[in-house]
Amino acid sequence: MKWYRIKALLLNYWYISFSSADRIFDILYWPVLDVLIWGFMTFFIQGLSDFNIINSIMGGIVLWLFIWRGSQDLVVYLLEFYWSRSVYHLFISPIKKIELVISLGILGIIRSLLSFIVVSVLGYALYSFNVFNFSYKILFFIGVLFIIAWAIGLFIGSLVLRFGTRIQILAWSVIWIIQPFSCVFYPLSALPPWAASIASVNPLTTIFESMRIMIAGGTVELSVLWYPLIAGLVLLALMSVVFSSAMNSARKKGRFAKPE
Amino acid sequence: MDVLVVSKLVKKFGSVKAVDKVSFKVKKGEIFGLLGVNGAGKSTTIDMLSGLTSPDSGTIKLFGKDFSKNQEECKQRFNVATAYYNLHGRLTVWQNLIVYAKLYNVKNPKDKIKDLSEKFMIKDLFKTKIQSLSSGERSRVVLVKSLLNDPELLFLDECTVGLDPDMAEITRDHLKQYNKETGCTIIFTSHYMQEVEKLCNRISFMNKGKIVSTGNAQDLVEELQTQKVMLHFSKNIKKAQSLLRKREIIFEQNGKQLIFHLQNKKRVVYPLLEEFIKQKIPFDDIHLEKPTLEDYFIRQSRQNESSEEL
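Below: a short report on this structure. Here the structure is a predicted model, which is why all the values come from computation and not from measurement.

## Side note on the side chain of Ser139(B)
All names here are of chain B.
Stage number 1. Along the polypeptide, Ser139 turns up in helix α5 (residues 135-147).
Stage number 2. Taking relative accessible area as the criterion, Ser139 reaches 6% and is therefore assigned buried.
Stage number 3. Among the polar contacts made by the side chain of Ser139, one reaches the main-chain carbonyl oxygen of Val161 at a distance of 3.0 Å.
Stage number 4. Setting aside chain neighbours within four positions, we find Ser139 in contact with Ala83, Cys159, Val161 and Leu163.

## Here we look at the interface of chain B and chain A
For interface size, the figure often reported is the accessible area lost on association.
Stage number 1. Contact residues are listed per partner, giving 37 residues for chain B and 34 residues for chain A.
Stage number 2. For the pair chain B and chain A, the summed buried surface comes to about 3,200 Å²; carbon and sulfur atoms form 55% of the total.
Stage number 3. Taken as a group, Leu52(B), Tyr85(B) and Leu103(B) account for 23% of the area that chain B buries against chain A, more than any other trio of residues on that side.
Stage number 4. Our count for the contact surface shared by chain B and chain A stands at five salt bridges.
Stage number 5. Inspection of the chain B/chain A interface yields 14 residue pairs in polar contact (both at pLDDT 80 or more).

## With respect to the sheet that holds strand β9 (residues 202-207) of chain B
All names here are of chain B.
Stage number 1. Strand order in the open sheet formed by six strands is β6-β7-β8-β3-β9-β10, with mixed pairing between adjacent strands. Of all strands in the sheet, those with a lone pairing partner are β6 (78-82) and β10 (210-215), marking the two edges. For this sheet, the mean angle separating the axes of adjacent strands, direction not counted, is 15°.
Stage number 2. When strand β3 (residues 31-36) meets β9, the two strands line up parallel, connected through five bridges. Directly across from Leu35, in β9, lies its bridge partner Phe205.
Stage number 3. Sheet strands in contact with helix α1 (residues 42-49) are β3, β6, β7 (153-157), β8 (185-189) and β9, and its direction is about 135° off that of β3.
Stage number 4. Against the sheet, helix α8 (residues 217-224) contacts β9 and β10, and its axis sits at roughly 105° relative to β10.

## Quick look at the packing of aromatic side chains
Stage number 1. Under the definition given, this model contains 26 aromatic pairs over all chains.
Stage number 2. Taking 6.0 Å as the distance between ring centres and 50° as the angle between the ring planes, the aromatic pair formed by Trp64(A) and Trp176(A) counts as tilted. Of this pair, Trp64(A) sits in helix α3 (residues 53-83) while Trp176(A) sits in helix α7 (residues 170-178), and the two are 112 residues apart along the sequence.
Stage number 3. What makes Trp64(A) buried here is its relative accessible area of 1%.
Stage number 4. The class of Trp176(A) is partly exposed, set by a relative accessible area of 35%.
Stage number 5. Aromatic side chains Trp94(B) and Phe126(B) sit 5.0 Å apart centroid to centroid with 65° between the ring planes, which places their arrangement in the edge-to-face category. Pair noted here: Trp94(B) is in helix α3 (residues 93-103) and Phe126(B) is in the loop between α4 (109-119) and α5, with a separation of 32 residues, a long-range link.
Stage number 6. By way of ring pairs, the aromatic residues Trp64(A), Trp68(A), Trp176(A) and Phe208(A) are connected into one cluster.
Stage number 7. Between the NZ or CZ atom of Arg77(B) and the centre of the ring of Phe63(B), over which it lies, the distance is 4.1 Å.
Stage number 8. In this structure, Lys145(B) is placed above the aromatic ring of Tyr100(B), and the distance from its NZ or CZ to the ring centre is 5.5 Å.

What counts and what doesn't
Residues numbered from 1 in each chain as written. Chains lettered and ligands numbered in written order. Predicted model: local features only at pLDDT ≥ 70, side-chain atom pairs only at ≥ 80, totals over all residues. Heavy atoms only, no water. Helix = DSSP H or I, 4+ residues; strand = E, 2+ residues; numbered from the N terminus. Buried < 20%, exposed > 50% of the residue type's maximum accessible area, 1.4 Å probe, protein only. Polar contact = N/O pair within 3.5 Å; in protein donor to acceptor, adjacent residues only side chain to side chain. Contact = heavy atoms within 4.5 Å. Buried area = accessible area lost by both parts, 1.4 Å probe. Salt bridge = Lys/Arg side-chain N within 4 Å of Asp/Glu carboxyl O. Pairing = 2+ DSSP bridges. Axes fitted to C-alpha atoms, helices over the stretch in contact; angles between N-to-C directions. Phe/Tyr/Trp six-rings, centres within 6.5 Å; stacked < 30°, edge-to-face > 60°. Lys NZ or Arg CZ within 6 Å of the ring centre and 35° of its normal.

Now the structure itself:
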């Protein structure tokens, strides 16, 4: 693995980001809309409960950003090579699979952090939501969220390598299928039994449940977080194998030479 | 020393054998042409040689090493230019080139890009997005990209498509010069036979995934063993026609000119001309045309078409 190749790919993503309004919108537009819509709605329902709903919702928005950006950016920037038909030149270069994946992972971190800053500033300005009120454990949450986001991104990326751009819609949609069963904005207890049984095995649920405990002033034992961490790492390892095999299959079938 | 050794390379797509037990060697510094009609298997072969597509069976040795086990090192030492695949359209020429220069860890990338861009006359296009360039300009940018890492082996897959004749000539000159100065091996595919004749030391002709003949352009053309004869008669053309018929030579008539093909050997052409003189059928003008690589290409393609029909 060579760091200069990862840096070259990051430079490529940098240029792509600033050559396209879409990619800038991804960082700013949707997170800001989320903050405004959910925030205003929370103002409306705040009176129904003693629980600090605004902080709970804002915490959900902020943490969900890492899953959303981390997974989606990995796929969208992979798709960029297909859309521009530059996938040919990429794969005749000495780039290795691991370098491509790491560069996409780093890109996800950078773009998530940019969205995080925007949302945090806006949350503080509009609703006095202060991210610094979370304990240091939030960093652990974010780390686990990235691991799961990359696993999801690698899974969708594998589908892109296998089926090409005709399944590109999954890059934007898969994450929203997972969200209702991740208890991002509501507790596990609020779900009907059939949905709760799915959500309870979802490692993301533990993260968002723990976040709400912290907001309510409770303490989250680090031991609770072993499950999402291990589940995330297992998922990431599994999806890395799936991605690698999809890449080999794409080479075998000549898909890099004849992209759609 | 052989830079490339290909042995029994096979690639199937479904039931179609795109490349069928292809074997060949290319020496250091050689300019090797891979010719064939569309779908002959040239591009699939180059895709496998450049690591873009993996072969079903067979081996590729690049720079004396097994390519499948040393892809990273080999890819650092070769490059590819093709007219069919673009660099990133929304990025400018400069942005694309600097990304690839860094990907190949080029020392002093800016100087390298400027130097090559001057040779291929794309310096004025640095700030232009790839998607706004003409096809000829894009081909030149891809050529510059392919030379960024000072490749020891260069795959050029119809890289002059879209270039005007002047630019194509300049490009060929640069490639020849680069080959001479650095000893870089070039594997070249093109549909422009004159270009292949001018550039390549050796040529392999592919058809239906197989190499059907290999040699230098002259050897291949001599395989044809025919030449076109055009004789102009101001009178006695009917006598000339009956003489040719007697000798069972098929001819065409174009005004006062008779056109026919003969074996490409002096002993066949000259006795016939002597007979015209002996029988007092004087011709005013004679024009002998040697076959070209293009004739060879056409004959090979048609031969295979007709064998397919049978």
